[in-house]
Every structure is written in structure tokens, then in C-alpha cells.
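# Examination of the molecular architecture
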Amino acid sequence: MESRNWIGGEWTTPNAGQVVIKNPSNVSEETGVIHLSDKADVLQAGQAAKQALGKWASTILPARGEILYKVAALLEQQADDVARIASLEMGKPISEMKGEVMRGVNLLKYYAAEGVRANGTVIPASQDKVLQYTKRVPLGVVAIITPWNFPVAIPIWKIAPALISGNTVIWKPAEVASLTATRVAQVFADAGLPAGVLNLVVGKGRVLGDVLLKEVEIDAVSFTGSTGTGMGIAAAAASRNIKYQTEMGGKNAAVVLNDANLAITVPAVLSGAFRSAGQKCTATSRVIVEKGIYEAFSQAVRDEMARMHIASALDPKSYLGPVATADQHEKVMSYVKMAQSDAQTIAQGQLQVEAASGHYITPLVVEGVSVDHPLVQEEIFGPMMTMLPADNFDDALALCNKTVYGLSAAVFTGDISKGMRFLDEAEAGMVRINQETAGVEYQAPFGGMKMSSSHSREQGQAALDFYSQTKTCAVYYG
Ligand code: NAD
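Presented here is a report on the structure given in the accompanying data block.

## Overview of the sheet that holds strand β17 (residues 408-412)
Backbone-to-backbone hydrogen bonds join strands into a sheet, with any given pair of strands oriented parallel or antiparallel. Strand order across the open sheet formed by seven strands is β13-β14-β15-β12-β11-β17-β18, with mixed pairing between neighbours. Edge positions in the open sheet fall to β13 (344-348) and β18 (430-433), since each of these has one partner strand only. Looking at each pair of strands side by side, their axes are set apart by 20 degrees on average, direction ignored. Of the strand pairs in this sheet, β17 and β18 are connected by four bridges, and their pairing is parallel. If you follow Ala410 over to β18, its bridge partner there is Arg432. Along the sheet, helix α9 (residues 262-274) contacts β11 (252-256), β12 (284-290), β14 (364-367), β15 (384-390) and β17; its crossing angle with β15, the most-contacted strand, is approximately 135 degrees. Across the sheet, helix α14 (residues 416-425) is in contact with β11, β17 and β18; its angle to β18 comes to roughly 175 degrees.

What follows is the structure, encoded as C-alpha cells:
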């Protein structure tokens, strides 16, 4: 497969360079080639989005919704193919990838339905015969910059609410998700989305990002990716006074208290840590365990990890596959080496494939480092989890909050009072009792506190607040 740009309704092949994408599960195979864009392509996408804006913004909401329903139906029909391309491009196991595509379908249906829901409120006026009400109006042209780790769901949870709100979009996917992005854009095209309403520009973020943020007439930017990149985007957006949203890194903790039910806790903690090879912003990277259950929890983790199937992303049995790229492999392996020298291993998985055949990393649980250690403080974004002992619940809560990030946190306990206190006091945007740190639902707000986010929220109704602005209208009819 080859990537293409979709600008103003035309499919083009940009020519600022090529990158060959290898199958992360088997690096001797080529998955496809991506073609990189340059400044002119981004400027062209900006013009196309601007040109399409007036007509799309004045298209009645139910008609916008109908198009999103068509995209949903087509994506559902083509789910297997879309999932397969993504698994071959960035290595997420096919079973999980199919789930992600179906999440995309549900997101599209959810926002399609906004086409016939209320988009304002009537507010009593202080004068007789005055109708005062609010209505949502579009922002204009929105830049959407997405990462590779959820190559279908994240773009859709931004694009669908942006489109139903009447905006036009310039979408810059991560380089390693560009084949999947081309395939997803094709679904929007086949569903009959008018030319220029969604524009896909493939290329390197640091080359295209500056043009997009500084030279294109965008009215808002929604970004998901690393905290470093997000902070730069926020600064650029603030300097132009355009609306921005940045969803960034995490260092999420699961807290296991003495009374936790291990039959629920262990599968949930391991799923949070190792599904998608730990490459979720909401992945469990720290597990804080009360001393009374520390040994029993460690043993249960060892037992469960011995059964984990770690193989190709296309193997339907794979619990986890490889990490996405050679760069990602190198970065995560630097933390594995750090763990080998500074920490002790609690449990390790067993690869069912030759390690060198792809970007495989054996999942690892370690202990024996202090709370300030990089393994406990830095986002690793790979299949590694560090265990910290806690003296009691208060100590566990303090350890949980000792991070600059604040995306998600979970507590495992049978004590409802402690559980509820955790929900009150854990400094994270998503807090859960007896559920893994990852896996939040599309109809609920999603986002982080502290350095994990611009304090805005995505998905659910919250996304509509970002992709629209409110007008307060008053009509005197006396
Ligand atoms: P990244 O920051 O490297 O890239 C994200 C996107 O930004 C890509 O499309 C990239 O091309 C683009 N980009 C890079 N430099 C840019 C620049 N200077 N200007 C504009 N755009 C630029 O992140 P990644 O490696 O693709 O993704 C992994 C990161 O994403 C992790 O930190 C993870 O926690 C985070 N993430 C966060 C969430 C969330 O909702 N909070 C969800 C998924 C991933």
C-alpha cells in the first residue's frame, strides 16, 4: 500500500521524499511506502479547507449527520481491512485493532446523532417579549494532529465532532500511521463527504507542523501526542489566540490495597500495562501495592504472565505484539537496560516468536527503585511496569500523585470508602475503582490533569464544546 494526500477532494502523491514502512511483527516484510508532503501541500490543504468552509458550515445539521452515518456504515463493512492495514503498519494485535475500528464506528454514529440533537438552550430574559437563547457555531478551519498509537480511533474522535460542528479539517497523522490514515480518509471520500471538508496531509510533524501552525489560516488545533510536542503547539496556538487542545503523556498508576480481589485485579492491571505493548497514553506504568498483599500479588502476576501469548500482530491469539517502530524499540530498550542495572525483575513474559524478527520487547515487571527514579517518573510507552510498595492507603495515594502527569489512575479494593476517597483525591482526569487504567468509553469525557492535557476534554459531549463556540442570541418580538 502507498499513502496519498486527499486535498480539496483530489488524491495526490506528494514528492518531498519517501519512507518505507516495515511490518513491525516481521521486519523482513514491507508494509508499504509513505510519500512525504512539503510546505506547498500544507498551504494547499489550508486553502481547500477555507474554500469548503462556508458551504459545509451552512449545511443543515441533519445532513451533516447523514454523511457521518454513511462513513460509519462503510467503516463497519471494511473494518477487517482497515484493522489489518493498521496492524501491519504499527503492530497492534489484530483482535485489539478490530475493537479499535469498531470504536471508530461507534464514535461516528454518536456524533452523527448530534445532527438531530439540541445545540443550544433557551435562557429567561429580563425583559418581556424577548427570546434569549444560545447556539453553537463552528470555529472554522481546524488542524487535527494525531499520534500513531490509536491510528483509527483518535483521528475519528477528533474528526467526527469537528465535522458535525460544521468545521472543515486539515488532518496531519503521525508518519507511522499514514497508510492507515489514507485508508480511513478513503472511507470518508467513499461516503460522499464534499471536497475540501476533510483534507489529509501526510508527512513529518516537525516539517509540516510549523507551516500548519504559523502560516495556514487555521482557527483551532487539536493535538494528541507527546507532552514536549504538545507544549510547543500550545505556545504557537496561544501566540495567535486560536483555540487549542492538547492531549499528551501519562504515567498512570494502579493502586492495589490489601483487600483487593486478585482474580479481578491481576488481569486488569496486566491488561492496562501490556495490551498494545504498553503504548497507550492510559497504560499502567506504575503499580503501587500495599505491603500486606505485595507477595501474593507478585506471585499472581508471575503466574499470569507465564500464560501471555506474545507474537505477531496478525496472530489472533496475541495478547501483545511488537512495539511500533525501530525508534520506539530503541527508546523502550534503553529503559529495559536501565531496569536491568538499577532494579530487580519480578516477572517477565515469554516471546513466542524470534525476538529479532520484529520490534519485540519482552514484557517486564520490576521493583526496587525509589519514587524519584526515571523508571517511576518518565513515560516509557512500552511493555514495562514498575512496582512500588506502600505502607498503607494514605502512602499509596501520595505515591500515586507523585508525578507531573495526571491522565488516569485506578484503585483495586473491596472497601468502598477508600475507593471513593481515591476517586476524590487521585490527581487524574480518569479515576477508576476495580477497573484498569486504560479503556475509557467513547460517550464519556476523556482527558488529563496536570501535564497530561490542556485541561480540555475529548469524546462524549465534551468534544462538542471544543469544536464549537457559543453565540448568545436575543430576539425582541413585541
Ligand atoms: P509525537 O508528539 O511524536 O507526535 C504526535 C503527532 O505530532 C504526530 O502526528 C507528529 O508528526 C506530530 N508532530 C511532531 N512534531 C511536531 C511539531 N513540531 N509540530 C506539529 N506537529 C508535530 O507523539 P507520538 O510518538 O506519535 O505518540 C506518542 C505520545 O502520544 C505519547 O506521549 C502518548 O502518551 C501520547 N498520547 C496521548 C494520548 C492522550 O489522549 N492523552 C493518547 C494517545 C497518545
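## Some details on the site of the ligand
The ligand sits among 26 residues. The nearest are Thr146, Lys172, Ser226, Met248 and Glu379. Ala174 places a polar main-chain atom, nitrogen or oxygen, 3.3 Å from an oxygen atom of the ligand. Here Gly225 contributes a backbone N or O atom positioned 3.3 Å from an oxygen atom of the ligand. Against a free-state accessible area of 840 Å², the protein chains account for coverage of 85% of the ligand.

## Some points on the layout of surface pockets
Its volume calculated, the largest pocket comes out at about 1,300 Å³. Forming the boundary of the largest pocket are 44 residues, of which Pro147, Trp148, Ala174, Glu175 and Val176 lie nearest the centre. Elements with a minimum of two residues in the lining of the largest pocket: β3 (18-23), α7 (205-214), β9 (220-224), α8 (227-240) and α11 (326-342). Top element by residues in the lining of the largest pocket is α7. It accounts for six residues.

Reading the values: the criteria
- All chains use their own residue numbering, which begins from 1 and follows the written sequence.
- Predicted model: local features are reported for residues with pLDDT of at least 70 only, side-chain atom pairs are reported and counted for 80 or more only, and whole-chain, interface and lining totals are derived from all residues.
- Computation of side-chain values: all heavy atoms of the structure, hydrogens and water removed.
- DSSP calls a pair of strands paired once it identifies at least 2 bridges connecting them.
- Numbered from the N terminus, helices here are DSSP runs of H or I no shorter than four residues, and strands are runs of E no shorter than two.
- Orientation is described by axes fitted as lines to C-alpha atoms, over the contacting stretch for helices, and by angles from 0 to 180 degrees between their N-to-C directions.
- By the convention used here, residues are in contact when the closest approach between their heavy atoms is within 4.5 Å.
- In this text, near means that some heavy atom of the residue lies within 4 Å of the molecule or strand in question.
- Pairing of N or O atoms within 3.5 Å defines a polar contact, subject to two protein rules: one partner must be a possible hydrogen donor and the other a possible acceptor, and residues neighboring in sequence count only if both atoms are side-chain atoms.
- Accessible surface is estimated by sampling points in the Shrake-Rupley manner with a 1.4 Å probe; for residues, cover comes only from the protein chains shown.
- Buried and open spaces are told apart on a 1 Å grid over the protein atoms alone, a cavity being a set of points where a 1.4 Å probe fits but cannot get out and a pocket being an open set with protein on both sides within 12 Å along at least five of seven lines. Residues with an atom within 4 Å of a point are the lining residues.
- Grid points are joined across faces, edges and corners, and a volume is the space filled by probe spheres set on the points.

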